[in-house]
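Structural characterization, general
In case you want the letters, here they are:
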Amino acid sequence: MSDKEPILKVKNLKTYFKTEDGIVKAVNGIDFDLCPGETLAIVGESGSGKSVTSLSIMRLLDTNGYIPEGEIIYKGKNVTKMSDSEMRSVRGNEIAMIFQEPMTALNPVFTIGEQITEAITLHMKMNEEDAKTRAVDLLRKVGIPEPEKRVDQYPHELSGGMRQRAMIAMALSCNPSILIADEPTTALDVTIQAQILELMKDLQKEFGMAIIFITHDLGVVAEMSDRAIVMYGGETVEQGDIVNIYKNPRHPYTWGLMNSIPRIDIDTERLWAIPGVVPSPLNFPKGCKFSNRCFLASDKCKTDHPGLETIENDHFSRCWHIDKLVEEVKKVRAGDK
Amino acid sequence: MEDKKILLKVDNLKKYFPVRAGVFKKVVAQVKAVDDISFDVRQGETLGLVGESGCGKSTTGMSVLRLMDPTAGRIMLDGEDTTTWFMKGSQMKKYLNDTYLERFEKARSDFKNQNEAIEFFQNEIDRKYAKVYFEEGIAGLKKLVDTGNNHKRKYFRRNAQIIFQDPYSSLNPRQRIKNIIAEGMLTHNLIKPSDVNNVVGDLLDKVGLQKDYMYRFPHQFSGGQRQRIGIARALALNPKLIVSDEAVSALDVSVQSQVINLMMDIQKEYKLTFIFIAHDLAVVKHISDRIAVMYLGKIAELTSKEKLFEKPMHPYTVSLMSAIPVPDPEVKKKRIILKGDVPSPLNPPKGCRFHPRCPIAKDICSKIEPPLKMIEEDHYVSCHFAGEFRS
């Protein structure tokens, strides 16, 4: 993976929002590289900053959001410094995005075809007719039956799974080099989710684009991605190769998440529960942001903010007790039984 | 498990929603959300109802609790036929006729002796009603089922409670937690008004919230805390049966596990019986003793969780399990990708409802609807080729 030149580099990205109650630091310093053809998962619960990260890359933040620090380098150019027109030529063309709720992301008053051809005529300088032919091809490619008919239908005439396919077709219309998928299967049933995940894998093989996969579903992450970033409170708490993250988690939050989900392949007597709830973004504890919910927290955690430490090549964790975790987990497990 | 008493018995439950159109709002079609399903829930167990959207799992829960009026079917709670408790006049007459009288008349003509005819029925309620019918006639039976229905309804409401999916819309935003939790207990005269603070405080304590939260309003709580309040409200009446309708689906992973643990703890403590409705098979597996997999208004497979996961027999169950991503990057499983979408319950396929998507469908599947059959001890499958499809 590392021998390739990254197509996207995010360095110390911070995204803040001005609100009535003060400045909300939704994303507070995250770093990652994305290489062509790889899939990077960003995992976290609500309010962890995973979606804001993707919106920052697309420059789709609300008007009260801004990026005070950090760089997003796409093919050598800093996205945060691009002019609006430069950004327009990148967005939807080279970096495309699919959203969680296909009904709200599609425009209900235009046909599927009109919405796909819009991007094609804009970015690829095709005439209407060729664009429509391409739209039909794309719909066929994403597995929509009778694409000639569907292309003239409106979003409400399609089922949830079909809409998500149409949205993928739209995102792929200009052969993007990066596809950002924000919870693309969360609203779908599992059998439909399986179809969409399979489709995304096939399309990635065919087109070679890089995918940033944003989700809270640890099963989907394991299935889809090569690397993962676990976010909590706007920060990366652990980052690394997918096998390391799952088999050898080195942050108490990651470990807690892995053990709090019921699984169909393993029987668990009692689920691990991370105590408490994610605090409001204005009320995170000083020091380590996870310290008020962490079973390893010491006095140091409450006052000093840990940095992202390298554990081994390409595996990072933000914790003062990286070494203690493995031992403590054994004790917890023993106590359980 | 086998000798355990059956708390809830549901026979041939149907719930159709009429589709109306035109100036006169004529009924033009029926959405068959739940179409003839039967199941038992045993005392102290958790029955999981699992399926994809539109399979009728929530409608089943709502109908069992009589938050919706079922189109047909018999719902028996703790040895009593509760169906008539919510019926009036002609509706009740028709129900008695369809459910009991025809069978009673047949039994009477089949057996010479009245007692033999009564003994013929397996179900306790059937026997009880048959005895009254044979001795006192239709008038006697009517009198039996039609007296004290107000009282019976109250009894039912107290003993069958629900925990809803959305903790944001299921708590009245204008009431304090204390009133939300105590309302039922006061209505049913279970406690004196002077005891409210103590009792509510204890309940909050039980579900892991601080006692003084009772003076707060719902908006002051997070989703997980609201769900705890919902659980406290259901517990307050000390019910026999709790239906939990997607109670943990809206919660974040870390909070979800807290609420699941809480539900399992209180079940042990209060010996509660649960119907746990969810779309997430992993969650259902964790919490349930037996599981019913539903597809398009029908039960596809019903058995203990061990059997379901070791030896799924319905092709839909097999496909559903293989579609769930496993949180382990080293497991690369071969999945069965079902074609197409779930058809609309307005126009369900003829024959087996799963046949257009089924990997092993044969001719017969598109013609004859397979009944839910017992394949082995405590393992019910509705498939002509049960057990022939493996992942």
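Described below are features of the structure shown in this document. (Residues numbered from 1 in each chain as written. Chains lettered and ligands numbered in written order. Predicted model: local features only at pLDDT ≥ 70, side-chain atom pairs only at ≥ 80, totals over all residues. Heavy atoms only, no water.)

1. Description of the overall build of chain A
Cut-off, in case you're wondering: Every helix listed is a DSSP run of H or I at least four residues long, and every strand listed is a run of E at least two residues long, numbered separately from the N terminus. Each residue is placed in one exposure class: buried if its accessible area under a 1.4 Å probe, protein chains only, is under 20% of its type's maximum, exposed if it is over 50%, and partly exposed if it falls in between. Every residue pair with non-hydrogen atoms within 4.5 Å of one another is taken to be in contact. In these tables, accessible area is a Shrake-Rupley quantity obtained with a 1.4 Å probe, and a residue counts as shielded only by the protein chains included in the view. Here Asp and Glu are counted as negative and Lys and Arg as positive; His is not counted, and neither are the chain ends. For the purpose of locating charges, the reference atoms are NZ of Lys, CZ of Arg, CG of Asp and CD of Glu.
A tally of helices and strands in chain A yields 13 helices and 12 strands. For chain A, the C-alpha atoms occupy an extent of roughly 65 × 45 × 45 Å along the three principal directions. Residues counted as buried form 55% of the 337 residues belonging to chain A. Considering only residue pairs separated by 6 or more positions, chain A has 64% of its internal contacts joining residues 24 or more positions apart. Of the roughly 14600 Å² of accessible surface on chain A, a fraction of 49% belongs to carbon and sulfur atoms. Within chain A, the 49 negative side-chain charges are centred at a point lying 4 Å from the centre of the 40 positive side-chain charges.

2. A look at the overall build of chain B
From N to C terminus, chain B includes 12 helices and 12 strands. Seen through its principal axes, chain B has C-alpha atoms that stretch 65 × 65 × 55 Å. When burial is assessed residue by residue, chain B has 53% of its 391 residues classed as buried. Summarising the internal contacts of chain B: among those between residues at least 6 apart in sequence, 64% fall at separations of at least 24. Accessible surface, chain B: about 18000 Å² in total, of which carbon and sulfur atoms supply 50%. Of note, chain B has its 61 positive side-chain charges centred 5 Å away from the centre of its 48 negative side-chain charges.

3. Comments concerning the pattern of salt bridges
Residue and element names in this part refer to chain B. Formally: Whenever a carboxyl oxygen of Asp or Glu lies within 4 Å of a side-chain nitrogen of Lys or Arg, that contact is scored as a salt bridge.
Inspection of every chain in the model, using the stated rule, returns 43 salt bridges over all chains. Between Asp110 and Lys106 there is a salt bridge, with its nearest N and O atoms 3.1 Å apart. Of the two residues, Asp110 and Lys106 both sit in helix H2 (residues 89-110), four residues apart, roughly one turn of that helix. Look at Asp110 and you get partly exposed, because its relative accessible area is 48%.

4. Structural notes on the pairing of strand E11 (residues 309-312) of chain A
Residues and elements named next belong to chain A. So the rule is basically this: The pairing criterion is simple: DSSP has to find at least two bridges between the two strands.
Bridging between E11 and strand E12 (residues 315-317) involves three bridges; their strand directions are antiparallel. Within the sheet, the bridge partner assigned to Glu309 lies in E12 and is Ser317. Hairpin connection, E11 to E12: the antiparallel pair is bridged by two residues, and Asp314 has positive phi, about 70 degrees.

5. A look at unusual backbone geometry
Despite not being glycine, Glu183 of chain A has its phi angle at roughly 50 degrees, a positive value. Mapped onto the fold, Glu183 of chain A is located in the loop between strand E7 (178-182) and helix H8 (190-207). Phi at Glu246 of chain B is positive, roughly 50 degrees, even though this residue is not glycine. Here Glu246 of chain B lies in the loop between strand E7 (241-245) and helix H9 (253-270). Glu246 of chain B sits in the buried class, given a relative accessible area of 7%.

6. Notes on the state of the cysteines
How we decide: Count a disulfide wherever a pair of cysteine sulfur atoms falls within 2.5 Å.
Using the criterion set out here, one finds zero disulfides over all chains in the structure. Here Cys319 of chain A is not cross-linked by a disulfide; its sulfur's nearest cysteine counterpart is in Cys294 of chain A, at 6.0 Å. Residue classification places Cys319 of chain A among the buried positions, given a relative accessible area of 10%. The structure places no disulfide on Cys352 of chain B, whose sulfur is separated from the nearest cysteine sulfur, that of Cys365 of chain B, by 6.0 Å.

7. Remarks on the nonpolar core
Applicable threshold: Buried Ala, Val, Leu, Ile, Met, Phe, Trp, Tyr and Cys residues that are joined via side-chain atoms within 4.5 Å together make up what is termed a nonpolar core.
One finds Ile181, Met185, Ile231 and Met263 of chain B to be the most contacted residues of the largest nonpolar core, which totals 70 residues. Among residues more than four places away in sequence, those in contact with Ile181 of chain B are Val200, Leu203, Leu204, Ile229, Ala232, Arg233 and Ala236 of chain B. With 37 residues, the next largest nonpolar core counts Leu139, Leu158, Ala169 and Val220 of chain A among its residues.

8. Details of a negative patch on the surface
Rules: Candidates for patches are residues over 30% relative accessible area with no salt bridge; among them, like charges are joined within 9 Å and nonpolar side chains (Val, Leu, Ile, Met, Phe, Trp, Tyr) within 5 Å.
The grouping of Glu5, Asp31, Asp33, Asp241, Glu312 and Asp314 of chain A at the surface amounts to a negative patch. Structurally, Asp31 of chain A can be placed in strand E2 (residues 22-34).

9. Regarding the interface of chain A and chain B
The test is simple: Accessible area that two parts lose when put together, with a 1.4 Å probe and added across both, is what the buried area reports. We call two N or O atoms a polar contact when they sit within 3.5 Å, provided that within protein one can donate a hydrogen and the other can accept it, with sequence-adjacent residues counted only if both atoms are side-chain atoms.
Between chain A and chain B, the contact holds 43 residues from the first and 39 residues from the second. Carbon and sulfur atoms make up 57% of the area that chain A and chain B hide from each other, which totals about 3600 Å². Sorting the residues of chain A by area buried against chain B places Thr191, Pro262 and Ile264 of chain A first, and these three jointly supply 19% of that buried surface. Here chain A is connected to chain B by five salt bridges. The partner of Lys247 of chain A in a salt bridge is Asp328 of chain B, with the nearest N and O atoms 3.1 Å apart. At the junction of chain A and chain B, the tally comes to 21 residue pairs in polar contact (both at pLDDT 80 or more).

10. Regarding the packing of aromatic side chains
Residue and element names in this part refer to chain B. Threshold: Each Phe, Tyr or Trp ring (for Trp, its six-membered ring) is paired with any other whose centre lies within 6.5 Å, and the angle between the two planes then decides the class: stacked below 30 degrees, edge-to-face above 60, tilted in between.
Inspection of every chain in the model, using the stated rule, returns 24 aromatic pairs over all chains. Where Phe104 meets Phe121, the ring centres are 5.3 Å apart and the plane angle is 70 degrees; that geometry is what we call edge-to-face. With a gap of 17 residues between them, Phe104 in helix H2 and Phe121 in the loop between helix H3 (114-120) and helix H4 (124-145) connect regions that are remote in the sequence. Among the residues examined, Phe104 registers a relative accessible area of 0% and is labelled buried. Since its relative accessible area comes to 4%, Phe121 is described here as buried.

11. Digging into the sheet that holds strand E5 (residues 77-78) of chain A
Residues and elements named next belong to chain A. Let me state the cut-off plainly: Here the axes come from fitting lines to C-alpha atoms, over the contacting stretch only for helices, and the angles between their N-to-C directions go from 0 to 180 degrees.
On the basis of which strands lie adjacent, the open sheet formed by four strands has the order E2-E1-E4-E5 and antiparallel pairing. Strands at the two margins of the open sheet, each flanked by one partner only, are E2 and E5. Its contacts with the sheet place helix H1 (residues 50-58) against strand E1 (8-19), E2 and strand E4 (65-74), and it is angled at close to 105 degrees to E1.

12. Some remarks on the pairing of strand E8 (residues 210-215) of chain A
All names here are of chain A. Rules: By definition, the crossover connecting two strands over a helix is right-handed if that path, from the first strand to the second, turns clockwise as seen with the strands pointing away from the viewer.
Counting buried positions along E8 yields six of six residues, so the element is predominantly enclosed. Across the two faces of E8 the burial is the same, with Ala210, Ile212 and Ile214 and Ile211, Phe213 and Thr215 all buried. Strand direction decides the pairing type here: strand E3 (residues 39-43) and E8, joined by five bridges, are parallel. Across the sheet, Ile42 pairs through a bridge with Ile214, a residue of E8. In this view, the connection linking E7 to its parallel neighbour E8 by way of H8 has right-handed handedness.

13. Observations concerning the packing of helix H6 (residues 177-187) of chain B against helix H7 (residues 196-206) of chain B
Residue and element names in this part refer to chain B. Note the following rule: Roughly parallel means an angle under 35 degrees; roughly antiparallel means over 145; roughly perpendicular covers 65 to 115; every other angle is labelled oblique. If you view the pair so one helix is near and one far, a crossing is left-handed when the near helix is turned anticlockwise from the far one by less than a right angle, and right-handed when it is turned clockwise. In this classification, the charged set is Asp, Glu, Lys and Arg, the nonpolar set is Ala, Val, Leu, Ile, Met, Phe, Trp, Tyr, Cys and Pro, and all remaining amino acids, among them Gly, are polar.
Relative orientation of the contacting elements H6 and H7 amounts to 110 degrees, with a least axis distance of 10 Å. When the axis of H6 is compared with that of H7, the two are roughly perpendicular. The hand of the H6/H7 crossing is right-handed. On H7, the residues that touch Ile177, Lys178, Ile181, Ala182, Met185 and Leu186 of H6 are Val196, Asn197, Val199, Val200, Leu203 and Leu204. A class-by-class count of the residues in the contact of H6 with H7 yields 10 nonpolar, one polar and one charged.

14. Here we look at the packing of H8 of chain A against helix H12 (residues 315-323) of chain B
Here H8 of chain A crosses H12 of chain B at 50 degrees, and the two axes come no closer than 8 Å. Classified by the angle their axes make, H8 of chain A and H12 of chain B are oblique. Between H8 of chain A and H12 of chain B lies a crossing of left-handed hand. Residues Val190, Thr191 and Ala194 of chain A of H8 of chain A form the contact with H12 of chain B, whose own contacting residues are Tyr316, Leu320 and Ala323 of chain B. Residue composition of the contact of H8 of chain A with H12 of chain B, grouped by class: five nonpolar, one polar and no charged.

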